[in-house]
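Topology and contacts: notes
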Amino acid sequence: MGEYKIRSTSKNSADIEDIILRETTTTRTVFRPVVVNNPHDQNSAVRGQLIFQKKSKDGEWIESKSVFSLSTLKQGESARFDLHTESIAKLIDETSSLRELYKKYGIRFGTHRYVVTEANIASIIEQVSRFENKDAILEALKNLQEKDLQNLSSILGVSKIKKLIDIWHNNETNDVEEFWQQTFEEHPWVLSQIFASPYIFIQGKPYFGGKTDSDHGGVKGDLLYKNIQTNNAAFIEIKTPAKLLMQKGFYRGKSAEDHNAVSSASTDLSGGIVQVLNQRNVLLRKKDSIDANRYESHVSKCILIIGDCRKLDIVGKKSFEYFRNSNKEVEIITFDELFVRLEKLAEVLST
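Below or above, wherever it landed, is the structure these notes cover.

1. Overview of the overall build of the chain
Helix and strand counts for the chain come out as 9 helices and 13 strands. Every one of the 351 residues in the chain was classed for burial, and the buried ones make up 36%. Within the chain, residue pairs in contact and separated by at least 24 positions form 64% of the contacts whose partners lie at least 6 positions apart. When the accessible area of the chain is evaluated, it comes to approximately 21,700 Å², of which 50% is carbon and sulfur surface.

In structure tokens:
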């Protein structure tokens, strides 16, 4: 996390401890910032000097008394100061942070130390994300060490996953299908986790065909994915975690201890299976109009996401596994199973 030592020099200005932009064993480039009151434009409150230093024989960074000044240049002369891409990116980041500190605290009398913590880092990241010159940021990332990039990737990945896990825990009983449809459309990478091969999101609420001559009816799905290598489509039907998986009570037997005790599939479960199979069949009937550049349909996967198997009793869990494992055409995944996968993935990325 960044740390800044700021010392006021007047009621309208403050010096800031040198910020190292780039350093080798013998040389370094530092930025020596100054914050000045600018009530008319708070975005223009930071100025400073760029200083290139060479280490002394004693291994110390000593400020030379003879500093080259641009004012000594004669007519027709010029001076050049090279900055590496990572130095430029860091300079932008640091000045953005200092600008935000000035906006929040102004210039305070005395010496103060400010630390960028988890509480305020989000606003700083937001500032960097709004920076228009993305190439400078990318160049800076390219110069990071591999372990730093791995850490950054893991942090971002875990953050995305935990956001979805929070949504799940806050909506485990949400029975609004449109809510889950929108959630998965906004975070399509979640459902990519359920495939063994690489699949990507194509479209939400795709139209598969089937309208009458009077333009009525027609078949729409919830989500359409495809294999990025073969273009083979995958049909995903979304219900809600509140939907029943198995009918209440026993289809056979009277108690959990009865080995004959089984439950029957719920209307939502059996109906969802038929629904997604029908979507695939309607698309196959109009195969001549399929855009092969977008997707194909070669024995395409059909997936139904429905219910919460934690709500099942012993007989219900047994019957549910009998039912879904005997169904070879449609893969059935419950909401709790999907989000357990995400929780385990977050654990791996956090280690």
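2. Some thoughts on the sheet that holds strand β7 (residues 199-204)
Taken in spatial order, the 5 strands make up an open sheet running β7-β10-β11-β12-β13, and their pairing is mixed. Either end of the sheet is taken by a strand with one partner, and the two such strands are β7 and β13 (331-333). On average, adjacent strands in this sheet sit at an angle of 30° to one another, irrespective of strand direction. Relative to strand β10 (residues 223-227), β7 is paired through 5 bridges, and the arrangement is antiparallel. By the bridge assignment for β10, glutamine 203 is matched with leucine 224. Contacts between helix α5 (residues 177-186) and the sheet are confined to β7, β10 and β11 (232-238), with β11 contributing the most and set at about 145° to the helix.

3. Quick look at the nonpolar core
Counting 25 residues, the largest nonpolar core has Phe184, Leu191, Ile236, Ile238 and Phe339 as the members making the most contacts within it. For this core, the secondary-structure elements that each account for two or more residues are α4 (146-170), α5, α6 (189-192), β10, β11, β12 (296-305) and α9 (335-350). In terms of residue count, α9 provides more of this core than any other element does, 5 residues in total. Setting aside residues no more than four positions away along its own chain, phenylalanine 184 makes contact with Val190, Leu191, Leu223, Ile238, Phe335, Leu338 and Phe339. Residues Leu224, Leu245, Leu304 and Ile332 belong to the second largest nonpolar core, which totals 20 residues.

4. Side note on the layout of surface pockets
There is about 530 Å³ of room inside the second largest pocket. Here the lining of the second largest pocket takes 6 residues from strand β5 (residues 46-54), the largest share from any one element.

5. A few points about the pairing of β11
The buried fraction of β11 is high, at 7 of 7 residues. The side-chain alternation of β11 yields two buried faces, one formed by Asn232, Ala234, Ile236 and Ile238 and the other by Ala233, Phe235 and Glu237. In this structure, β10 lies alongside β11, joined through 4 bridges in antiparallel fashion. Of the residues in β11, the one forming a bridge with lysine 226 is alanine 233. As consecutive antiparallel partners, β10 and β11 are separated by 4 residues, and within that stretch asparagine 231 has a phi angle of approximately 70°, a positive value.

6. A look at the environment of glutamate 60
Note on placement: glutamate 60 falls in the loop between β5 and α1 (85-105). Sequence spacing of glutamate 60 and threonine 26 is 34 residues, and the spatial spacing of their C-alpha atoms is 9.6 Å.

7. Brief notes about helix α7 (residues 267-285)
With 19 residues, α7 extends 27 Å between its outermost C-alpha atoms, agreeing within 8% with the 27 Å of an ideal straight helix rising 1.5 Å per residue. Of all the positions in α7, only Leu269, Gly272, Ile273, Val276, Gln279, Arg280, Val282 and Leu283 are classed as buried.

Conventions we followed
Residues numbered from 1 in each chain as written. Predicted model: local features only at pLDDT ≥ 70, side-chain atom pairs only at ≥ 80, totals over all residues. Heavy atoms only, no water. Helix = DSSP H or I, 4+ residues; strand = E, 2+ residues; numbered from the N terminus. Buried < 20%, exposed > 50% of the residue type's maximum accessible area, 1.4 Å probe, protein only. Contact = heavy atoms within 4.5 Å. Areas by Shrake-Rupley, 256 points an atom, 1.4 Å probe, with all protein chains shown as cover. Pairing = 2+ DSSP bridges. Axes fitted to C-alpha atoms, helices over the stretch in contact; angles between N-to-C directions. Core = buried A, V, L, I, M, F, W, Y, C linked by side-chain atoms within 4.5 Å. 1 Å grid on protein atoms, 1.4 Å probe; cavity = no way out; pocket = protein on both sides within 12 Å on 5 of 7 lines; lining within 4 Å. Points joined across faces, edges and corners; volume = space filled by probe spheres on them. Expected span 1.5 Å × (residues − 1).

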